[in-house]
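For reference, the chains in residue letters:
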Amino acid sequence: MTLQDRPQVTIYEVAQRVGVSIATVSRALRGTDYVAPETRRRVLAAVEELQFRPSRLGQSLAEGRHAANGIVFPDLAGPYYSEVVLGYEEVAAELGNSVLILATHGRPDPARKVLELARRVDGMVVMGRTVTDEIVGQVAETGVPTVLLARVAVGALDTITADNDTGARRLVTHLLGHGYRHLAYLGDPDSSPDVTARYRAVRETLADAGREPPGAPVRCAFDVDAGHRAARQALAASPRPEVLVCANDEVALGALAAAAELGLSVPADVAITGWDDVMAARYAGLTTVHQPMRELGATAARWLQDRMTGSGAAVRREVLPTRLVVRTSCGPHDPETEEPR
């Protein structure tokens with residue numbers, strides 16, 4: 001039996017071996033002044049003998065305080081991140097855990113901020129392209145249970161993503177069914193692993209259909225104002241694109257406003273699609289791809305709790321399903337149709 005396969009020793013077993021309380025074991029491991037030298041010696045000997053690896057959750061419980069869950073986000077602006085945070089916080093609260101949130105956008109030296117947060121929490125979720133894989137590895141090496149959300153897997157860490165590839169392929173296939181040939185992509189594939197996957201799938205689907213891939217993406221941030229500016233740039237091109245495929249719904253909402261300003265009818269003059277299926281997209285008649293935003297956050301919180309409580313389960317990789325939601329912004333058809341769930 002390897003060390004990885006061996007059942008994990010708990011702080012309770014160490015306390016029982018020494019004949020002290022779990023609070024005393026926790027204080028001895030932290031090196032406080034409230035433990036007699038002989039007691040600390042016996043605790044450390046038991047830790048070595050049992051090959052005990054202290055978890056921060058166990059120490060929190062021993063000290064009578066709530067466990068703290070950290071979560072690192074690229075940004076807290078916008079409905080997508082808000083929905084993911086809500087899903088995460090709802091589950092964490094049900095589990096009796098507090099949540100510390102770090103948004104890295106605009107912060108100087110985000111790597112240092114993330115490493116500082118790792119020292120303050122009992123477990124951490126890292127979302128998107130917030131810090132490098134190297135920093136994620138450093139966090140994991142400290143022993144802090146770590147789960148990755150909406151980013152490429154790193155080492156032996158649990159990872160949760162949405163199915164960007166399938167959703168993008170179905171969206172493009174639907175657009176090709178309308179007869180569209182000239183597509184422009186609005187968004188920056190380099191700024192988000194999700195958008196990287198979507199853009200790659202868009203290009204591959206067009207190539208598979210024998211169509212010309214879109215030109216270079218019109219790179220922009222993922223908010224309404226940025227989408228508005230990017231759409232005006234794209235629509236000024238000659239020939240004008242028949243479809244603006246937007247990285248998310250906020251960019252698409254900005255594109256809808258830009259088209260209206262230019263006197264263009266949607267979808268008669270230009271079709272526009274989004275991604276996420278936020279509430280505003282429904283009222284705007286926006287064709288989009290629905291992704292389970294709250295479930296992404298909720299799943300991350302549940303998986304982190306498993307790791308914080310010493311789960312010895314194999315490394316998990318889960319891809320949550322997406323679905324195409326067809327509305328009026330991409331062409332004539334029955335509105336509000338969805339793929340089967």
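Source: prediction; values computed, not measured. (Residues numbered from 1 in each chain as written. Predicted model: local features only at pLDDT ≥ 70, side-chain atom pairs only at ≥ 80, totals over all residues. Heavy atoms only, no water.)

Trainee: When you look at the overall build of the protein in this model, what are you seeing that I'm missing?
Mentor: Each helix and strand counted, the protein has 13 helices and 12 strands in total. Out of the 341 residues in the protein, the part that is buried amounts to 50%. Total accessible area computed for the protein in this model is approximately 16,000 Å², and 51% of it derives from carbon and sulfur atoms. (Helix = DSSP H or I, 4+ residues; strand = E, 2+ residues; numbered from the N terminus. Buried < 20%, exposed > 50% of the residue type's maximum accessible area, 1.4 Å probe, protein only. Areas by Shrake-Rupley, 256 points an atom, 1.4 Å probe, with all protein chains shown as cover.)

Trainee: I'm lost on the side chain of N69 in this one. Help?
Mentor: Examined against the element boundaries, N69 turns out to sit in strand β1 (residues 68–73). With residues up to four places along the chain from it excluded, the contact list for N69 reads Y88, A92, N97, S98, V99, L100, V121, G123, L304 and M308. (Contact = heavy atoms within 4.5 Å.)

Trainee: When you look at the packing of helix α10 (residues 224–235) against helix α11 (residues 249–261) in this model, what are you seeing that I'm missing?
Mentor: The relative placement of two packed helices comes down to the angle between their axes together with the axis-to-axis distance. Close contact between α10 and α11 brings their axes to 7 Å; oriented N to C, the two are set at 50°. Considering their axes alone, α10 and α11 lie oblique with respect to each other. In terms of crossing hand, the pair formed by α10 and α11 is right-handed. The residues of α11 that touch α10, namely those facing V224, G227, H228, A231, R232 and L235, are E250, V251, L253, G254, A255, A257, A258, A259 and E261. The residue inventory of the contact of α10 with α11, partitioned by class, reads nine nonpolar, three polar and three charged. (Axes fitted to C-alpha atoms, helices over the stretch in contact; angles between N-to-C directions. Parallel < 35°, antiparallel > 145°, perpendicular 65-115°, else oblique. Left-handed = near helix turned anticlockwise from the far one by under 90°. Nonpolar A, V, L, I, M, F, W, Y, C, P; charged D, E, K, R; others polar.)

Trainee: Sorry, what's going on with the packing of aromatic side chains here?
Mentor: The final tally for this structure, using the stated rule, is three aromatic pairs. A centroid spacing of 5.0 Å and a plane angle of 55° characterise the contact between Y185 and Y199, whose relative ring orientation is tilted. With Y185 in strand β6 (residues 183–186) and Y199 in helix α9 (residues 193–208), this pair connects stretches of sequence that are 14 residues apart. Its relative accessible area of 3% is what places Y185 among the buried residues. (Phe/Tyr/Trp six-rings, centres within 6.5 Å; stacked < 30°, edge-to-face > 60°.)

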